Each structure stands twice: as C-alpha cells, then as structure tokens.
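Descriptive structure summary
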Amino acid sequence: MSDIINAAVVALNGKLSSADFDGSAKFQIAGEGAVRIDSEGAAASDADADVTLSADAETFQSILEGELNATTAFMTGKLSVDGDMGTAMKLAAVLA
C-alpha cells in the first residue's frame, strides 16, 4: 500500500472522528489506490460506495490539508464525482 494511501487513511479518520457522516464514499487517487469512507471511518479499500471521487495525489492532498476546497476542486475539473451528489456534499462539509 502506498504512503499516500496510508497517510490519507490516518488524516481522514482524524477528520471523521468528530463528524456525523452516514453514507459511503470512495476517494480514487490516480496511480495510488483508493480509500473508502463510511460511518465506521476510513480504510484502504476499493469496495463500492455511494459516491466515488477521483483526483490526482496532489489535488487529494491539498483537499485533506485544507488548502483546496473540495467544491472548488470539482468546479475547476480537478476532482470528478461519480454517484450520489448529496453524499459528496456531506463529505465536503466534513473535509472543510
């Protein structure tokens, strides 16, 4: 498993610990793998989810660090969303 995926799991679990996220989402990171998020937390997994968000590693890291808003990334084409847009918006609120 890549260092980027491992770091993402740790960072996302930190953000999710105080959040109420009841759906499932998957971050597909180009060339690295996938992280699945649900009510239990984040884990390295490519399992199906309500929504899949795809980006390169640099964009994903910028979103996690709060340097780039997920909505802005989507609107500028740096982040693609496939699936339930409502779940994606809930996740964006958790990541903010």
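Below, the structure is looked at part by part. (Residues numbered from 1 in each chain as written. Predicted model: local features only at pLDDT ≥ 70, side-chain atom pairs only at ≥ 80, totals over all residues. Heavy atoms only, no water.)

Re the overall build of the protein chain
Stated formally: The secondary structure listing takes helices from DSSP runs of H or I that are at least 4 residues long and strands from runs of E that are at least 2 residues long, numbered from the N terminus. Radius of gyration: over C-alpha atoms. The globule rule applied is 2.2 Å multiplied by the number of residues raised to the 0.38 power. Burial classes: relative accessible area under 20% of the type maximum marks a residue as buried, over 50% as exposed, and values in between as partly exposed (1.4 Å probe, protein chains only). Contacts are assigned to residue pairs that have any heavy atoms within 4.5 Å of one another.
Within the protein chain, the secondary structure is distributed over four helices and five strands. Secondary structure elements in the protein chain, listed N-terminal to C-terminal, are α-β-β-β-β-α-α-β-α. Computed over its C-alpha atoms, the radius of gyration of the protein chain comes to 12 Å, within 12% of the 12 Å expected for a compact globule of 96 residues. If you line up the protein chain on its principal axes, its C-alpha atoms span 30 × 30 × 25 Å. When each of the 96 residues of the protein chain is scored for burial, the buried share is 41%. The contacts in the protein chain between residues at least 6 apart in sequence include a share of 60% that link residues at least 24 apart.

Topic: the sheet that holds strand β2 (residues 33–38)
The criterion, for reference: Paired strands, as defined in this entry, are two strands with at least two bridges between them according to DSSP. To get an axis, fit a line to the C-alpha atoms, keeping to the stretch in contact for a helix; angles then go from 0 to 180 degrees between the N-to-C directions.
Spatial ordering of the open sheet is given by β3-β2-β1-β4-β5, a layout of five strands whose pairing is mixed. A single partner strand is all that each edge strand has here, and the edge strands are β3 (41–44) and β5 (80–83). Averaged over all pairs of adjacent strands, the angle between their axes in this sheet comes to 20 degrees, without regard to strand direction. Where β2 and β3 come together, four bridges link them in antiparallel fashion. Bridge pairing in β3 places Val35 opposite Ala44. Those strands touched by helix α1 (residues 3–16) are β1 (25–29), β2 and β3, and its axis lies near 170 degrees from that of β3.

Some points on the side chain of Thr52
Relative to the helices and strands, Thr52 resides in strand β4 (residues 51–55). Here Thr52 is in contact with Lys26, Gln28, Ser80, Val81 and Asp82, once residues within four sequence places are set aside.

Concerning the environment of Gly83
Take Gly83: it is sitting in strand β5. Measuring from C-alpha to C-alpha, the distance between Gly83 and Thr72 comes to 18 Å, with 11 residues separating the pair along the chain. Once you skip the residues sitting within four places of it in the chain, Gly83 turns out to touch Asp50 and Val51.

Focus: the pattern of salt bridges
The criterion, for reference: Here, a salt bridge means any side-chain nitrogen of Lys or Arg that lies within 4 Å of a carboxyl oxygen of Asp or Glu.
A complete count under the given rule lists three salt bridges for this structure. Among the ionic pairs, Arg36 bridges to Asp38, the shortest N-O distance being 2.8 Å. In this structure Asp38 comes out as partly exposed when scored by relative accessible area, which is 23%.

Some points on the side chain of Ser2
Selection rule: Pairing of N or O atoms within 3.5 Å defines a polar contact, subject to two protein rules: one partner must be a possible hydrogen donor and the other a possible acceptor, and residues neighboring in sequence count only if both atoms are side-chain atoms.
Structurally, Ser2 is set in the segment before α1. In terms of polar contacts, Ser2 uses its side chain to reach the backbone amide nitrogen of Ile5, at 3.1 Å.

Digging into the nonpolar core
For clarity, the threshold we go by: The nonpolar core is taken to be a set of buried Ala, Val, Leu, Ile, Met, Phe, Trp, Tyr and Cys residues, with the residues joined through side-chain atoms within 4.5 Å.
Ranked by internal contacts, the top residues of the largest apolar core, which has 28 residues, are Leu12, Phe27, Ile37 and Leu91. If you list the elements that add at least two residues to this core, you get α1, β1, β2, β4, α2 (57–64), α3 (70–75) and α4 (85–95). Those residues in contact with Phe27 that lie beyond four places of it in its chain are Leu12, Gly33, Ala34, Val35, Ile37, Leu53, Phe60, Leu91 and Leu95.

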